Amino acid sequence: MKSKTIRRWSFVHTWTSLICTVFLLLLALTGLPLIFHHEIEHLLGDAPQVREMPADTPHLNLAQLVQAAEAHRPGEVVQYFGFEDDEPNTVLTIMAKTAGTEPNASHTFMLDARTGEALETPSANGGLMLFILRLHVDMFAGLPGKLLLAFMGVLFVVAIVSGTVLYLPFMRRLDFGSVRRDKSTRLRWLDLHNLIGIVTLTWALVVGVTGVISACADLIIAAWRNDSLNTMIAPYRDAPPLTHLAPATRLLDIAGEVAPGMKPDFIAFPGTRFSSEHHYSVFMKGGTHLTSHLLTPVLIDASNLQVTAVAERPWYMDAMGMSQPLHFGDYGGMPMKILWATLDVLTIIVLASGVYLWVVRRRAARPVLEPAQASA
Amino acid sequence: MKPRQSNFWKVFSTPLVIALLSAAGLFAALLGDGIWDGLSWIGLGVPAILGLKGLLQRS
């Protein structure tokens, strides 16, 4: 590599890293407790206690659950029902004043699917973990905050790529993994920066790219609404607003019939951003481990319960679906979470040592500059 | 100094193996539980341990 080429890559690496470092440190530090949010919520006593009942206790139907939800929060409407594999006897319920209310103003809780009893989930509506989550997702700045963080994620990816290119000239005369501890603190941290940077490369790239994709979720969902959803609901464009909804009782059966082999993930009620004004959208997930992250919406007319469409999944919705586990690290049990946290801490060390190396280099360069400036 | 092809592989062969192991680790747990989880712990364990080892080694 020519020294001019090295200088150019070095310039790219220095500045992309420096610009994104503060934000990446925020993301890495807030991300650390978020890896264990489930465990922390249990420790804080925020996780709802689901009543012990015989395993074969029958479930209420969805219309009864809607009634239970409305009785629990009078004056509000159900926006979403969510279904989780590890809590088969509960239904995650999101309600708000209107169906179109923005997510941060909604109220989340659980319904016991057998009794209709409401179980509050305080950590989903406020408190420390939600505060950390908001810092991580948008820094309390809404869409502009998300897009700023997405841009910082892109800079982070450029910094990783340029850092990998620079690894070659720096390591040409060194064996892999060598850390020169006897020369100077700067050399020791340079070697550590290179070593930790290169071993965490793949993980950091994947978490970075999937983070950028997740940060663009609002745009991806908007594109889906414009693209696929609008085509499917075109016949309803001039339909009068619904005055009452057909009961939700059989939604899961109806969706199951047209999407065989799939399982329900969530239901978006009419008027929410995952549905139309005239439809229930049942989002079905694939039946295998891999496809369980890919969602297929089934649109069901909310006045007569006829299936309007089983939507095709655009590639960008699949990309968003696959990004979630790969960003959260929640798909391989507790050992994976611990490894995720370790790699996160190692990334923090790479970021911090990068800043340190830049400061030391600048300080070293100054005495050379000063006489030149003095004579100018 | 002229870069020689052998330089590239001398420097990048080990990192490439680690990168492939990490990628396999990230992917494995998406495919299933049990053995697949175990494979992902190995794949992601390698970079985590190598990074920690460099950091904590004193001499």
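Residues numbered from 1 in each chain as written. Chains lettered and ligands numbered in written order. Predicted model: local features only at pLDDT ≥ 70, side-chain atom pairs only at ≥ 80, totals over all residues.

Engineer: Any chance you could explain the overall build of chain A here in plain terms?
Structural biologist: A tally of regular secondary structure across chain A gives 11 helices and eight strands. Seen along its three principal axes, the alpha-carbon backbone of chain A occupies a region of about 85 × 50 × 40 Å. Counting all 376 residues of chain A, 32% fall into the buried class. Partitioning the contacts of chain A with sequence separation of at least 6, the portion at a separation of at least 24 is 64%. (Helix = DSSP H or I, 4+ residues; strand = E, 2+ residues; numbered from the N terminus. Buried ≥ 20, exposed ≤ 12 C-beta atoms within 10 Å, placed from the backbone. Contact = placed C-beta atoms within 7 Å.)

Engineer: Whenever I open this one, the nonpolar core confuses me. Can you help?
Structural biologist: It is characteristic of soluble globular proteins that their nonpolar side chains tend to be buried jointly. Residues and elements named next belong to chain A. The biggest cluster of nonpolar side chains holds 78 residues, and the ones touching the most others in it are Leu251, Ile267, Tyr280, Val282, Met284 and Ile300. Ranked by residues supplied to this core, first place goes to helix H11 (residues 333-375) with eight residues. Non-local contacts of Tyr280, meaning those with residues more than four positions away in its chain, are made with Ala248, Leu251, Ile267, Phe269, Pro270, Ser275, Ile300 and Ala302. (Core = buried A, V, L, I, M, F, W, Y, C linked by C-beta atoms within 7 Å.)

Engineer: Would you explain the confidence of the model for chain A in this entry?
Structural biologist: When pLDDT is low, close inspection of the predicted coordinates is not appropriate. With 97% of its residues at a pLDDT of at least 70, chain A reaches an overall mean of 93. Counting contacts from residues 369-376 of chain A, a segment whose pLDDT is below 50, to residues more than four positions away or on other chains yields zero contacts. (pLDDT = per-residue confidence, 0-100.)

Engineer: Which parts of the structure should I look at to understand the environment of Leu29 of chain A?
Structural biologist: Its location among the elements puts Leu29 of chain A in helix H1 (residues 3-35). Residues Leu29 of chain A and Gly256 of chain A, spaced 227 residues apart in sequence, show a C-alpha to C-alpha distance of 42 Å.

Engineer: How do you make sense of the sheet that holds strand S7 (residues 295-301) of chain A when you look at a structure like this?
Structural biologist: Note: strands within a sheet are paired through backbone hydrogen bonds, in either parallel or antiparallel orientation. Residues and elements named next belong to chain A. Strand order in the open sheet made by the eight strands is S4-S3-S2-S1-S5-S6-S7-S8, with antiparallel pairing throughout. Each edge of the open sheet is held by one strand with a lone partner, namely strand S4 (118-120) and strand S8 (307-310). Put simply, the sheet's adjacent strands are angled 25 degrees from each other on average, direction ignored. (Pairing = 2+ DSSP bridges. Axes fitted to C-alpha atoms, helices over the stretch in contact; angles between N-to-C directions.)

Engineer: Sorry if this is basic, but what is going on with the interface of chain A and chain B here?
Structural biologist: How big an interface is tends to be expressed through the accessible area that disappears when the partners come together. At the junction of the two partners, chain A supplies 33 residues and chain B supplies 28 residues. Contributions of two or more residues to the side of chain A that touches chain B are made by helix H5 (142-171), helix H6 (185-199), helix H7 (201-215), helix H10 (315-328) and H11 of chain A. In terms of residues, the side of chain A that touches chain B owes the most to one element, H11 of chain A, which gives eight residues. A breakdown of the residues in the side of chain A that touches chain B according to their chemical character gives 24 nonpolar, seven polar and two charged. (Nonpolar A, V, L, I, M, F, W, Y, C, P; charged D, E, K, R; others polar.)

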